[in-house]
Amino acid sequence: MWALSAGGYRRLGAAAALATAVGGWISGKLPAHDPWGLWVDHGSTARTAAAVLAYAGLTVLVVAWWQYGRTASSVRETLTTLAWWTAPFLLTPPLYSADVYSYIAQGAMAIEGHDVYTVGPSSLDPAGIGGDAAASVGNHWRDTPAPYGPLFLLLSAAVAKTTGGTIVPAVLAMRLIALASLVLIVWSLRRLAREHGTSESRALWLGALNPLLLMHVVAGMHNDGLMIGLMLAGLGLALRGRWVSGSALVGLAMMVKSPAAVSLLFIGVLVHASATGPQRRRWAKGLLAPGLVACAVAGSATLVSGTGFGWLRTQGVAGNIHTALSVVSDLGLGLGELGRLLLGTDPEPVKSAVQTLGLAAAVAVIFVLARRSMNGRLPPVHALGLGLLALVALSPMVQPWYLLWGLVVVAATQQHGRIPAVLVVLSAALVYETHPTGATPPYGFALAAIAALVATSVLRRAPFLPETARVPGPRGGDLDAPLSTEAPKTTA
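Source: prediction; values computed, not measured.

## Describing the overall build of the chain
- Helices and strands together make up the secondary structure of the chain, namely 19 helices and zero strands.
- For the chain, whose C-alpha radius of gyration is 22 Å, the value lies close to the compact-globule estimate of 23 Å for 492 residues.
- Viewed in the frame of its principal axes, the chain has a C-alpha envelope of about 65 × 60 × 55 Å.
- Within the chain, buried positions represent 57% of all 492 residues.
- The contacts in the chain between residues at least 6 apart in sequence include a share of 74% that link residues at least 24 apart.

So this is what it looks like as structure tokens:
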């Protein structure tokens, strides 16, 4: 039957994506004011019906993605499927997030000379270039300084200036940046998969065709996509021995969002492995050189942007907002409230201490993984993917799309076994956590839990591939070969 073929699931997923997009057109995060009259509110009844359609379409899309992963598809077929599933979201309003309005407003702030690292979008003139975007920003972020790097602010400012802040063209221009990020992710995934001897098609299926990425990078336009794309491209260059260029790209990724800096440690492992001469010189080159290159790029980007170095002090502002997906924040909040009830103490210091311990634990895990990759027990890029997953799991603020930081890396380095299986289940579940408006209603968590249980049950009964498969070695390793004991070889 056609519905059981790769082409059948491609068509099914395309129809589902179209339904999600149509539903999102009415139930998505509409702007507070659209002078063009395209993205306007049609009333509560229409919004509810459209949200149901969007959720139904998303469910079918997840099933189509899941089943497509069971087919033996070529790279060309998978890229065609990606194009089909992406197309319906090209002209929709922002879905699953209001962050794009913050991006546009912060770009307008930079144009008007506001210090984006001191004040929030509420400082803009409502009748000015970024007024409509600022009015559409979520309540949590209207008075929050920008936590993003100068490179992204340069892009946002260019969008605001080019479009005059008119909301529809400004959002669509930001979507062009998101699409460019997707192209960069696809290109980098293929290169990394070839370097690690894994399937390019499987890497694209898990890392690019993933509904979590489609919803939050393409439909939601989160700048995490640009950070991931630049970081992956830098890793690909470093694996081929071009670590200076690779570190420079990571420096640019850091100037979008700071978590990309973690990859410098693992590029350092590659540099150390390829360096010659005394051990002390090799250590110094591996530990210092990539960071110095990235810092030079970051400093240059900051000077060119003219926004100053305020981004150094705003990296923790997101942690002030509690998200239920953060285990450490939930634990800290629970312990703090328990202390308040039993001892009458202030719960905030307890929560802050637990969050700090969580970040410290994440750093410790990352260094252990770097040490294992230095000893040849893990490929460095795969170790980076695991480290980013640990960082997300132990962070004080966790959003569903944060999973993509490590997931996309792992997609190119390990495609069989427990870790990819867990990532598949989480991807199928976390798409439900966020409403098309970007809100996180309680039933979203219930739907996510149900999806996780169903996905786990199905996966146990019919796994994609044998659980005994291991992480391959770099460059041409057998898909079922045991874990590589050698780090990738590069040349300085």
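## Considering the pattern of salt bridges
- This structure, assessed with the given rule, holds seven salt bridges.
- Between Arg240 and Glu195 there is a salt bridge, with the nearest N and O atoms lying 3.3 Å from each other. Note that Arg240 is positioned in the loop between α10 (224-239) and α11 (243-254) and Glu195 in helix α7 (residues 167-196), a separation of 45 residues in sequence.
- Assessed through its relative accessible area of 39%, Arg240 is described here as partly exposed.
- Each member of the salt-bridge network shares a partner with another, and the members are Arg190, Arg194 and Glu200.

## Some words on the packing of helix α3 (residues 75-86) against helix α8 (residues 200-207)
- In the contact formed by α3 and α8, the axes pass within 8 Å of each other and the chain directions differ by 20°. Our classification of the angle between α3 and α8 gives roughly parallel. In this structure, α3 crosses over α8, and the sense of that crossing is left-handed. Mapping the contact onto sequence places Val75, Thr78 and Leu79 in α3 and Glu200, Ser201, Leu204 and Trp205 in α8.
- Of the residues that constitute the contact of α3 with α8, the class distribution is four nonpolar, two polar and one charged.

## As for the side chain of Thr434
- Tracing the chain through its elements places Thr434 in the loop between α18 (418-430) and α19 (442-461).
- Only 3.1 Å separates the side chain of Thr434 from the side chain of Glu433, close enough to count as a polar contact.
- Non-local contacts of Thr434, meaning those with residues more than four positions away in its chain, are made with Tyr55, Tyr96, His216, Pro400 and Ala439.

## Remarks on the packing of aromatic side chains
- Inspection of the entire model under this criterion finds nine aromatic pairs.
- The interplanar angle of 65° and the centroid separation of 6.3 Å between the aromatic rings of Tyr68 and Trp85 together place this pair among those described as edge-to-face. Of this pair, Tyr68 sits in helix α2 (residues 44-68) while Trp85 sits in helix α3, placing them 17 residues apart in sequence.
- Overall, Tyr68 belongs to the buried group, its relative accessible area being 2%.
- Ring centres of Trp401 and Tyr402 lie 6.0 Å apart, and the angle between their planes is 90°; on these two criteria the pair is classed as edge-to-face.
- Given the relative accessible area of 11%, Tyr402 is considered buried.
- One aromatic cluster is present, formed by Tyr103, Tyr148 and Phe152 through successive ring pairs.
- The cationic tip of Arg10 hangs over the ring face of Trp84; the distance from NZ or CZ to the ring centre is 5.8 Å.

## Let's talk about the side chain of Arg10
- Positionally, Arg10 belongs in helix α1 (residues 6-27).
- One buried charged residue, Arg10, remains without a salt bridge, the closest side chain of opposite sign being Glu77 at 5.0 Å.

## Some words on a nonpolar patch on the surface
- On the surface, Leu331, Leu335, Leu338, Leu341, Leu342 and Leu343 cluster together into a nonpolar patch covering about 650 Å² of accessible area.
- Its place among the elements puts Leu331 in helix α14 (residues 327-343).

## Describing the confidence of the model for the chain
- Per-chain confidence: the chain averages 89 in pLDDT, with 92% of residues scoring 70 or above.
- Counted against residues more than four places away or in other chains, residues 466-492, with its pLDDT under 50, gives 77 contacts.

## Some details on the environment of Trp66
- Relative to the elements of secondary structure, Trp66 occurs in helix α2.
- Each C-alpha atom, one on Trp66 and one on Leu453, is 15 Å from the other, the two residues being 387 residues apart in sequence.

## Remarks on the environment of Ala370
- As for its position among the elements, Ala370 is in helix α15 (residues 347-374).
- C-alpha separation for the pair Ala370 and Ala294, spaced 76 residues apart in sequence, amounts to 18 Å.
- Once residues within four sequence positions are removed from consideration, Ala370 is found in contact with Leu265, Phe266 and Val269.

## Quick look at the nonpolar core
- If you look at the biggest cluster of nonpolar residues, it comprises 140 residues, and the most contacted ones within it are Met174, Leu189, Leu232, Leu404 and Val408.
- Looking at this core element by element, the count peaks at 14 residues for α7.

## A word on the environment of Gln355
- Along the chain, Gln355 turns up in helix α15.
- According to the relative accessible area criterion, Gln355 is buried, its value standing at 13%.
- Distance in space between the C-alpha atoms of Gln355 and Ser395 is 7.2 Å, their sequence separation being 40 residues.

## Quick word on the packing of helix α12 (residues 262-274) against α15
- Remark: α12 packs on α15, axes separated minimally by 10 Å, with the N-to-C direction vectors making an angle of 20°. Taken together, the axis directions place α12 and α15 in an arrangement best described as roughly parallel. Between α12 and α15 the crossing geometry is right-handed. Residues Val262, Leu265, Phe266, Val269 and His272 of α12 form the contact with α15, whose participating residues are Ile366, Phe367, Leu369, Ala370, Ser373 and Met374.
- Its residues placed into classes, the contact of α12 with α15 shows nine nonpolar, two polar and no charged.

The rules behind these values
Every chain is numbered on its own, with residues counted from 1 as its sequence reads. In view of the model being predicted, local features appear only for residues whose pLDDT reaches at least 70, and side-chain atom pairs are presented and counted only at 80 or more, with totals across whole chains, interfaces and linings using the full set of residues. By convention in this description, side-chain values take in all heavy atoms of the structure and omit both hydrogens and water. A run of H or I in DSSP becomes a helix once it reaches four residues, and a run of E becomes a strand once it reaches two; helices and strands are each numbered from the N terminus. The quantity called the radius of gyration is restricted to C-alpha atoms. Its globule counterpart is 2.2 Å times the number of residues to the power 0.38. Think of it in three bands: residues with accessible area under 20% of the maximum for their type are buried, residues over 50% are exposed, and the middle band is partly exposed, with areas taken using a 1.4 Å probe on protein chains only. Residue contacts are counted whenever heavy atoms from the two residues lie within 4.5 Å of one another. Salt bridges are identified by distance alone: a Lys or Arg side-chain nitrogen within 4 Å of an Asp or Glu carboxyl oxygen. A fitted line through C-alpha atoms represents every axis, and for helices the fit uses only the stretch in contact; the resulting angles, taken between N-to-C directions, go from 0 to 180 degrees. We call two directions roughly parallel when the angle between them is under 35 degrees, roughly antiparallel when it is over 145, roughly perpendicular when it lies between 65 and 115, and oblique otherwise. Put simply, a crossing is left-handed when the front helix is turned counterclockwise from the back one by less than a right angle, and right-handed when it is turned clockwise. In this classification, Asp, Glu, Lys and Arg are treated as charged, Ala, Val, Leu, Ile, Met, Phe, Trp, Tyr, Cys and Pro as nonpolar, and every other residue, Gly included, as polar. Two N or O atoms form a polar contact when they lie within 3.5 Å of each other; inside protein one atom must be a possible hydrogen donor and the other a possible acceptor, and for residues adjacent in sequence the pair counts only when both atoms belong to side chains. Pairing of aromatic side chains requires ring centres within 6.5 Å, counting the rings of Phe and Tyr and the six-membered ring of Trp. Pairs whose planes differ by under 30 degrees are stacked, by over 60 edge-to-face, and all others tilted. Either the NZ atom of lysine or the CZ atom of arginine qualifies as a charge over a ring when it sits within 6 Å of the ring centre and within 35 degrees of the ring normal. His is not counted, nor are the chain ends; Lys and Arg add positive charge and Asp and Glu add negative charge. Like-charged residues within 9 Å of one another, or nonpolar side chains (Val, Leu, Ile, Met, Phe, Trp, Tyr) within 5 Å, are grouped into patches, provided each residue has over 30% relative accessible area and no salt bridge. For the accessible areas, the method is Shrake-Rupley and the probe is 1.4 Å, while residue cover comes only from the protein chains on display. Think of pLDDT as the predictor's per-residue confidence, scored from 0 to 100. Residue types Ala, Val, Leu, Ile, Met, Phe, Trp, Tyr and Cys, when buried and joined through side-chain atoms within 4.5 Å, form a set referred to as a nonpolar core.

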